[in-house]
Amino acid sequence: MSLKKVLYLTVLFLISLGIISFSLFRYKPFAYYIGNFSVQPGAYSFSINRNDSSEQLVRISPFDDYFYWNNTKDHPISSADFKSSGDITNVFSKFLNGRLINRTRVSWFMESNNGTRIKYDIENISPSEFEITRTFEKTNDKIDAVGQSVIICPDCLVTDNKSRVFFTTELLTAEKLETANQMNLSPLVLSNNILPNDVEKIVILDKNKNPKMTLSTQGHIEVSFDEKWQLLEFKTWLGNQSSVSQTISF
Amino acid sequence: MITDLFAAACFYILPLLTGRIFFKPIAYSFATGMLIWYLALLISGIYFPGSFDNVIILLTGISVLLFFLRIIRDIIKDRNLLTHAFSLNSLITPSFILLLTVFSFFSYFFVWKLFTPYPMQLNWDIYEHITVANIIASGQTSFLPSFLTDTFTFNGYTTLFHTALAAQKSLFQTDLLGFYWWVEYWHYLLTIVASFLLAKNIFKKTEISLLAGVVSGLVYESSMVYSNLFLIPQTMTALLGIFILREVIISKEDHTDKPFFKKITGAIPLIISLITALFLHFVIGFAVICTVIAFKILDKEIFTKHLNKISLFFVFILIGTLSLQFFGGIDLTGREEANYFNLGLVKIAALFSDWYGLTLIFLVPGIIGILKSHNITSKKILVLALITATVSLAPFAYFLKYYTLSRYLVNTVLVFGIFYAVRNFSVPVRYLYETLTVLVFTAVFFINVNTYQNFLFFSNVISHISDKELDTSKWLRANYNKDNTLIVSDPGTQYILEASSEINTPGGAYMSLPNRNKLININDGISPEIIELNLKEIKDRFKKDNAHLIFVASGRYFAWQKLTDSEKKSFYFNIWSPRVIEQTDVPFLTRLAADSSFKIIYQNNEMVIFEIL
């Protein structure tokens, strides 16, 4: 076979590879299915849902997380500051794991224009338990602590293992106190949004008192609750590590 | 399941046997048989109501009997018939078709339907056709579907397709969902066979024909077109059109000079087949007629001399038409959802990228190769591919549907391009490269199917319908008289339940705007009395005055109520997959259940059904 023919065949082969790569890169699934749950990637955040409903269980985003350094607190990525997000890091595993094999882990990342890159690994560690690991692949400053935030369902109540329900001063209403009373829960009004130290487990209840999820406070410095945004923040020392984790049980 | 498999095969075989009494070519005999069955059932339904089942048995009996008598006669006439039929030469094409059948079996059941068990469906459009077919099977008849159900607000076809479905339902006493699970496989296989035979008749090369069959199975137009994986009137018409075109190509190869009278009578099967195509789908049928006429016009010497110039002219027209998409589309129908089907260049490019990946680049060597060749038929097919593609890509809403027919011609040019790119290499190198190309198409197909199916995942099944919806339908059918009951819910639930339970709904997925407004008025803030009033004010053309009114509060219903008002008023938005009832929806259900006018008659975690007393 002449060199010309070999070169021609090589070009044809490369075209074929190009076609496959093009399709793989364009592949953006609506959701990644893990057991009875799905992880739905978005441009600004990702959410964990049940497979059989459109109900969002939690939403997680770098726009809600916090970095703590030199007495400063700020979001790792602020609005209009990011250049890529919502994708799974490896296109080939994205496709192969998308449906064909029973996957247990998906990754989502966001990278800002100022050089911060955070990867979120969402791993199904038991049939109803997820571990979410934030890995800070690139940061500009030496980070002391991280606020791992989750947005919980609207209208859900934040309670603990001691049958207390938490409200914040500025949004407290008589109706909420009445709801707490009807559900046999002791209302505790937070003046500075920070939950007491003796909370071991946070239990999220819907209005019908059905538990939606449980979050452990173990290993975190403090937990705060921003009722306006239904945001729970778990502040965690980072130390010399580059990643932190939290576990959510559904 | 086995009955459905057999019934699905008979959907094609019985009309074929009937038509075979009159004509030999498969396309003509099938089309003629379809038309005979349709006209017989339509006319008998009008003049002798209640005769539907008897006419079917009569037609089946005559067709099968005459088929066997013909075989016996042929064997008596020609003692060597069986020897010829099983000779090595005559088995070549069937053996390639068998090979393609094996391929189609794997690509269909192990890729497309891997997570869609019997009798679940992946085709949203079939429910409206099943609804009409159920009505016809119950003894009603009409030339146009909108006279039978308000699920049809627009008559794009006659009831020919639905009568053919109803015939199988009646003959095998089967449920059309299970039947559909199988019949779509036969349709898929036939689209592959059609592409194979078309390429075989054009290029006379098995290598290209096999490639054409495989590529046809792997290119799935996952929006608006749905050629190979959905069996709906538009896709069946296009498939029939390709088989008709193949017969026309074959008849052109017969150069014997025939007397005028023979020429006229020879055109009768073609004319009948084109009428069948038109009855199956007015628009695509018209496109089939135009394509056949264009092929015959191109056969005139004045055109055959200039086929290269004509092809180049249409290449420029196609490019010009595509550039018109920059300026947005025009709606000729006045339908509410038409705007969503005015795609524009970017969306069209995205759709074609989903369907083909970048494999369309093989069109370039395909066009060049055909222009350089001396094969007149391939040049004519190229011109037809360019014309039909131009029409499909014209900036008008819904015109992309023409691609249902065009895809067969475009794919033929594309496949020739793959062959042409490696034509100068030795056979092993050529085969190796063509195998690699098939792998590329396979990868594109996998990704395309995943993209289409991803959002339909529900309780480990990928489908528009759930087990519980099927159970609910069976229960409703068993406990309520379909002639005296009206189901009201969101458009998606109505659409699914009307087809599977056979009980009437106000418009199914095509619920009228006034009726939608009545549903939109129902919210958490209003009393059960007002909810009852709104539900009772929902109008339906086919509702009887004393009909039982059933309100289905399903997971889909609550998901639909959470859409914006403009989305709820649009035909374009539906809740495509099943949903469970959320905890947040329970208070609404509790309030209704406490009211004496609402009686819970059935419930599971996907729907609570109330009868309004």
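So, a few notes on the structure that sits alongside this text. (Residues numbered from 1 in each chain as written. Chains lettered and ligands numbered in written order. Predicted model: local features only at pLDDT ≥ 70, side-chain atom pairs only at ≥ 80, totals over all residues. Heavy atoms only, no water.)

Before going further, it helps to examine the overall build of chain A. When its secondary structure is counted, chain A shows 3 helices and 19 strands. Oriented by its inertia axes, the alpha-carbon framework of chain A measures out at about 85 × 45 × 30 Å. Burial statistics for chain A: of 250 residues in total, 48% are counted as buried. Considering only contacts within chain A whose residues lie at least 6 apart along the sequence, 56% involve residues at least 24 apart. With the model as given, the accessible surface of chain A reaches about 12000 Å², and the carbon-plus-sulfur share is 51%. (Helix = DSSP H or I, 4+ residues; strand = E, 2+ residues; numbered from the N terminus. Buried < 20%, exposed > 50% of the residue type's maximum accessible area, 1.4 Å probe, protein only. Contact = heavy atoms within 4.5 Å. Areas by Shrake-Rupley, 256 points an atom, 1.4 Å probe, with all protein chains shown as cover.)

Here we come to the state of the cysteines. Residues and elements named next belong to chain A. Applying the stated criterion to the full structure yields 1 disulfide over all chains. Here Cys153 pairs with Cys156 through a disulfide, and the sulfurs are 2.1 Å apart. Taking the sign of the torsion about the S-S bond as the criterion, the disulfide between Cys153 and Cys156, at about -100°, is left-handed. Side by side, Cys153 and Cys156 carry an identical accessibility label, which is buried. (Disulfide = S-S within 2.5 Å.)

The next point concerns the pattern of salt bridges. All names here are of chain B. Taken as a whole and judged by the stated rule, the model has 25 salt bridges over all chains. Between Arg73 and Asp74 there is a salt bridge whose closest N-O contact spans 3.1 Å. With relative accessibility at 44%, the residue Arg73 sits in the partly exposed group. Between Arg246 and Glu247 there is a salt bridge, with the nearest N and O atoms lying 4.0 Å from each other. The buried category is assigned to Arg246, whose relative accessible area is 16%. Among the ionic contacts, a cluster of salt bridges with common partners joins Lys169, Asp175, Arg477, Lys482 and Glu502. (Salt bridge = Lys/Arg side-chain N within 4 Å of Asp/Glu carboxyl O.)

Attention now moves to the packing of helix H2 (residues 26–47) of chain B against helix H12 (residues 268–280) of chain B. All names here are of chain B. With their axes 8 Å apart at the nearest point, H2 and H12 run at an angle of 60° to one another. Between H2 and H12, the angle falls in the class oblique. In this structure, H2 crosses over H12, and the sense of that crossing is left-handed. Residues Ala27, Tyr28, Ala31, Thr32, Met34, Leu35 and Tyr38 of H2 lie in contact with H12, whose contacting residues are Pro269, Leu270, Ile272, Ser273, Ile275, Thr276, Phe279 and Leu280. Taken together, the residues that form the contact of H2 with H12 break down as 12 nonpolar, 3 polar and no charged. (Axes fitted to C-alpha atoms, helices over the stretch in contact; angles between N-to-C directions. Parallel < 35°, antiparallel > 145°, perpendicular 65-115°, else oblique. Left-handed = near helix turned anticlockwise from the far one by under 90°. Nonpolar A, V, L, I, M, F, W, Y, C, P; charged D, E, K, R; others polar.)

Residues and elements named next belong to chain B. Tracing the backbone shows Gly555 in helix H25 (residues 555–561). Considered as a pair, Gly555 and Glu532 are 23 residues apart in the sequence and their alpha carbons are 20 Å apart. Ignoring any residue separated from it by four or fewer positions in sequence, one finds Gly555 in contact with Arg579, Val580, Ile581 and Glu606.

With that out of the way, let us pick up the interface of chain B and chain A. Listed by partner, the interface residues are 40 residues for chain B and 31 residues for chain A. Counting each side, the surface lost to burial between chain B and chain A is near 3300 Å², with a carbon and sulfur contribution of 64%. Remark: the boundary between chain B and chain A carries 0 salt bridges. In this structure, the connection of chain B to chain A is made through 4 residue pairs in polar contact (both at pLDDT 80 or more). Those elements giving two or more residues to the side of chain B that touches chain A turn out to be helix H16 (344–356), helix H20 (427–453), strand E1 (457–458) and helix H27 (586–593) of chain B. Broken down by element, the residue count for the side of chain B that touches chain A peaks at 12 residues, all from H20(B). In the side of chain B that touches chain A, the residues fall into 26 nonpolar, 11 polar and 3 charged. (Buried area = accessible area lost by both parts, 1.4 Å probe. Polar contact = N/O pair within 3.5 Å; in protein donor to acceptor, adjacent residues only side chain to side chain.)

Turning to H12(B), a few remarks are in order. Taking 1.5 Å of rise per residue, 13 residues should cover 18 Å, and H12(B) covers 18 Å from first to last C-alpha, within 8% of that figure. Along H12(B), the residues classified as buried are Pro269(B), Leu270(B), Ser273(B), Leu274(B), Thr276(B), Ala277(B), Phe279(B) and Leu280(B). (Expected span 1.5 Å × (residues − 1).)

Below, the discussion takes up the packing of helix H8 (residues 176–203) of chain B against helix H9 (residues 206–218) of chain B. Residues and elements named next belong to chain B. The contact between H8 and H9 brings their axes to 7 Å, and the two run at 150°. In terms of axis orientation, H8 runs roughly antiparallel to H9. Crossing of H8 against H9: the hand is right-handed. Across the interface between the two elements, Tyr188, Thr191, Ile192, Ser195, Phe196, Ala199, Lys200 and Phe203 of H8 pack against Ile208, Ser209, Leu210, Ala212, Gly213, Ser216 and Gly217 of H9.

Here the focus is a nonpolar patch on the surface. Together, Leu58(B), Ile62(B), Leu65(B), Leu66(B), Phe68(B), Leu69(B), Ile71(B), Ile72(B) and Ile76(B) make up an exposed nonpolar region whose accessible area comes to about 830 Å². Here Leu65(B) shows up in helix H3 (residues 52–77). (Patch = residues over 30% accessible without salt bridge, like charges linked within 9 Å, V, L, I, M, F, W, Y side chains within 5 Å.)

Residues and elements named next belong to chain B. Strand order in this open sheet of 4 strands is E3-E4-E6-E5, and the pairing throughout is mixed. At either margin of the open sheet sits one strand with a lone partner, and together these are strand E3 (485–488) and strand E5 (598–603). This sheet shows a mean twist of 30° between the axes of neighbouring strands, independent of strand direction. Judged from the 5 bridges that link them, E5 and strand E6 (residues 607–612) form a sheet pairing that is antiparallel. Across the sheet, the residue bridging to Phe598 is Ile612, located in E6. Running at roughly 150° to E3, helix H22 (residues 491–501) makes contact with E3 and strand E4 (548–554) of the sheet. Contacting E4, E5 and E6, H27 runs over the sheet at an angle of about 25° to E6. (Pairing = 2+ DSSP bridges.)

Residues and elements named next belong to chain B. Along the chain, Ser500 turns up in helix H22. A relative accessible area of 5% places Ser500 in the buried class. Every residue in contact with Ser500, bar those within four places of it in the chain, is listed here: Leu177, Ser473 and Arg477.

What follows covers the pairing of strand E8 (residues 105–112) of chain A. All names here are of chain A. When you tally the buried positions in E8, you get 7 out of 8 residues, the bulk of the element. Here E8 runs beside strand E9 (residues 117–126); their pairing, made up of 7 bridges, is antiparallel. Each bridged residue has a counterpart across the sheet, and for Trp108 the counterpart in E9 is Tyr120. In textbook terms, the turn of a hairpin is the stretch between consecutive antiparallel strands, and for E8 and E9 this stretch comprises 4 residues, one of which, Gly115, has a positive phi near 100°.

Scanning the model with the defined rule gives 66 aromatic pairs over all chains in all. Seen from their ring centres, Tyr108(B) and Tyr188(B) are 5.5 Å apart, and the 40° between their planes marks the pair as tilted. Here Tyr188(B) lies in helix H8 and Tyr108(B) lies in helix H5 (residues 92–112), a separation of 80 residues in the sequence. Residue classification places Tyr108(B) among the buried residues on the basis of a relative accessible area of 0%. Here Tyr188(B) falls in the buried class, since its relative accessible area comes to 0%. A ring pair is formed by Phe109(B) and Tyr185(B), whose centres lie 5.1 Å apart and whose planes are at 40°; its orientation type is tilted. Placement of Phe109(B) in helix H5 and of Tyr185(B) in helix H8 is noted, with a sequence separation of 76 residues between them. One exposure class covers both Phe109(B) and Tyr185(B), and it is buried. In this structure an aromatic cluster arises from ring pairing among Phe105(B), Phe106(B), Tyr108(B), Phe109(B), Phe110(B), Tyr118(B), Trp181(B), Trp182(B), Tyr185(B), Trp186(B) and Tyr188(B). One cation-aromatic arrangement involves Lys5(A) over Phe425(B); the distance from NZ or CZ to the ring centre is 5.3 Å. (Phe/Tyr/Trp six-rings, centres within 6.5 Å; stacked < 30°, edge-to-face > 60°. Lys NZ or Arg CZ within 6 Å of the ring centre and 35° of its normal.)

Attention shifts here to the environment of Asp565(B). Position of Asp565(B) among the secondary structure elements: in helix H26 (residues 565–568). Between the alpha carbons of Asp565(B) and Arg516(B) there is a distance of 9.6 Å; along the sequence they are 49 residues apart.

The values are spatial; any link to function lies outside them.
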